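# Report on the structure
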Amino acid sequence: MEDADALKNNKKKRRVNLKESSSKSIPETDIAVGVGDIEDFSPQETLTFRASLLQWYYDNQRVLPWRKNQSKKEEEDDVGQEREARAYAVWVSEVMLQQTRVAAVIDYYNRWMEKWPTVHHLARASQDEVNEMWAGLGYYRRARFLLEGAKIIVAGGDFPKSVSTLRSIRGIGDYTAGAIASIAFKEAMPVVDGNVIRVIARLKLISANPKESATVKSFWKLAGQLVDPCRPGDFNQALMELGATLCTPLSPSCSACPVSSQCSALAVSRTCESVQVTDYPTKVEKPRQRSDFSAVCVVEISEGPETQEGAHSKNNKFLLVKRPEEGLLAGLWEFPSVILDGEADLATRRKAMDQYLKKSFKLDAKKNFCITLRENVGEYVHVFSHIRLRMYVELVVLHLKGGVNLLNKKEDKEKITWKLVDGKSIQNMGLTSGVRKVYNMIQKFKQSRPLTNSKIKRKRS
Ligand code: SF4
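The structure displayed is predicted, hence computed values, not measured ones.

Counting 108 residues, the largest nonpolar core has Val90, Ile180, Val196, Ile200 and Ala223 as the members making the most contacts within it. The dominant element in this core, judged by the number of residues it contributes, is helix H5 (residues 80–97), at nine residues. Each of domain 1 (4–279) and domain 2 (290–453) contributes no fewer than three residues to this core. Residues in contact with alanine 223, not counting those within four places in the same chain, are Pro190, Val191, Val192, Val196 and Ile200.

Moving on to the packing of helix H11 (residues 174–185) against helix H14 (residues 232–245). For the pair H11 and H14, the least separation of the axes is 6 Å and the interaxial angle reads 130°. As summarised for this structure, H11 and H14 are arranged oblique, according to the angle between their axes. Contact residues: H11 offers Gly178, Ala179, Ser182 and Ile183, while H14 offers Pro232, Gly233, Asn236 and Gln237. Split by residue class, the contact of H11 with H14 holds three nonpolar, five polar and no charged.

Right, let's talk about H11 for a bit. Across its 12 residues, H11 extends 15 Å between first and last C-alpha, which sits within 8% of the 16 Å expected from 1.5 Å per residue. The buried count for H11 comes to 10 of 12 residues, which makes it a mostly enclosed element. Within H11, burial applies to Thr176, Ala177, Gly178, Ala179, Ile180, Ala181, Ser182, Ile183, Ala184 and Phe185. Lysine 186 sits one or two residues past H11 and shows a positive phi near 60°.

Here the focus is the confidence of the model for the chain. Counting all residues, the mean pLDDT for the chain is 85, and 82% of those residues have values of 70 or more. Low pLDDT, under 50, characterises residues 1–29; the predicted model gives this stretch 49 contacts beyond four residues in sequence or across chains. Between residues 452–461, whose pLDDT stays under 50, and residues either more than four places distant or in other chains, the model counts 18 contacts.

Surrounding the ligand, one finds 14 residues, the nearest of these being Cys247, Cys254, Cys257, Ser260 and Cys263. Every element with two or more residues in the shell around the ligand is listed here: helix H12 (194–204) and helix H15 (264–271). For the shell around the ligand, the leading source of residues is H12, giving three residues.

Note that the residue after tyrosine 280, namely proline 281, is joined by a cis bond; omega there is -10°. Its place among the elements puts proline 281 in the loop between H15 and strand S1 (290–302). Phi at tyrosine 139 takes a positive value of approximately 50°, unusual for a residue other than glycine. Residue lysine 362 is not a glycine yet carries a positive backbone phi of 55°. Tracing the backbone shows lysine 362 in the loop between helix H17 (346–361) and strand S5 (369–383).

Attention now goes to the pairing of strand S6 (residues 387–400). The buried fraction of S6 amounts to 10 of the 14 residues, a majority that puts the element mostly inside the structure. Two strands pair when backbone bridges link them, and S1 and S6 are joined in this way by 13 bridges, in the parallel orientation. Looking at S6, one finds that serine 302 is bridged to histidine 399. If you look at the hairpin formed by S5 and S6, you'll find three residues sitting between the two strands.

What counts as what
For every chain, the first residue of the written sequence is number 1, and numbering continues from 1 onward in sequence order. Given that the model is predicted, a residue must reach a pLDDT of at least 70 before its local features are reported, and side-chain atom pairs must reach 80 or more before they are shown or counted; all residues, however, enter totals for whole chains, interfaces and linings. When buried Ala, Val, Leu, Ile, Met, Phe, Trp, Tyr and Cys residues are joined through C-beta atoms within 7 Å, the set is termed a nonpolar core. For every residue, the other C-beta atoms within 10 Å of its own C-beta are counted; 20 or more classify it as buried, 12 or fewer as exposed, and values in between as partly exposed. C-beta atoms are placed from the backbone. In this description a helix means any DSSP run of H or I spanning at least four residues, a strand means any run of E spanning at least two, and both kinds are numbered starting from the N terminus. As used throughout, domain bounds are those supplied by an automatic or database domain assignment. With C-beta atoms placed from the backbone, a contact is any residue pair whose C-beta atoms sit within 7 Å. Axis lines are fitted through C-alpha atoms, for helices just across the contact stretch, and the angle between N-to-C directions can take any value from 0 to 180 degrees. For classification purposes, an angle smaller than 35 degrees is called roughly parallel, one larger than 145 roughly antiparallel, one from 65 to 115 roughly perpendicular, and anything else oblique. Three categories are distinguished: nonpolar for Ala, Val, Leu, Ile, Met, Phe, Trp, Tyr, Cys and Pro, charged for Asp, Glu, Lys and Arg, and polar for the others, with Gly belonging to the last. Every helix has an expected span of 1.5 Å times one less than the residues it contains. Per-residue confidence from the predictor is given as pLDDT, running between 0 and 100. As used in this record, a residue near a molecule or strand is one whose C-beta atom, placed from the backbone, is within 6 Å of it. When DSSP locates at least two bridges between a pair of strands, those strands are taken to pair.

This is how it looks when you write it as structure tokens:
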């Protein structure tokens, strides 16, 4: 380990080249390591680090449903199907944990494993079932890849056991492959996620932009040096656990840290007032989010009378449309919606929605339906990782002349997939959080407008 004095003496050697980095928020200190200056862990550092970290992990690891605490003897006996079951559990949990907190994942994981306890069960599921189970976790591509991956694995006969074979499955990247291979099959391979980057950046005082590919490559190399060849799975989980529980982004618990004696950021922060361990890794500005706008129309089909009572009937059905199989929220159900060019007034939004309903469902107010209720309900901003989507929500209750068969008769050249769902079913459906929010807005709106006060708009052809 290098102490603070040694680090200061070496600062010329390690001086970061600020011009080389694209980041503007590099800590204002010259006691920092740029990507070209990162030194390997020495064999002694590595041994000390492994021993301290593993001991801490065995004493402190959280009890999580996807973890299996085994004795050494049980581990040696753990072969064949047991390991494949473990690989499946690691795979599902690691995919769920990407971009999602542990506390939020536990219930999803338990429900998932109850429904699909093995990769063979999952391979027989439909995409709709998987989406429903995933609803609310976000980043739905992950669920799609899990199902696709399960089908490929079952068709191949065996669960891939090495990082290289796991990487050939679509949706399994370096991180997930490393986690499965090391935890389930004991391949001595590293994993690098945000937690690992944070710990290593602080250990090594690395100030290079952690998003740049050269820096990421260095983190993988360093994690590969540290990983314990005898217990790679435990080691990787321990390193991530350290980042998740002690070496946190804003308030690390350095006094409780098992590797504090090896931490360069801590050593420097104790002697140099302008340096804090939280300066590492370097903060990188997030790309600006794009602003999108959409008109969302909750269409209720009423088969009751063309009256106030009909507009509020519990027997009304909701029209749901399946999104395209590619792109954002691929293959998920939503209320009819139209992307707008920008912010738009009510008349413009209604015009766009009427055109969409006419084009997609041959619904034409002049010919085949009357509107028994049409109300502007409000706005809702849904934030995706790269998009802020402002949704203008309205409620329309339609009475179809000729009943719901009218929808079935349309000539559907664009292959829109849709369904009508009653109120009870929609409450139990797995909907994305955005669609659930819109549904709740509609319910709240209806409750705020008791039947006797509702204004019924009747438009006839
Ligand atoms: S000493 Fe503090 S900053 Fe360093 S690794 Fe431990 S928790 Fe992280």
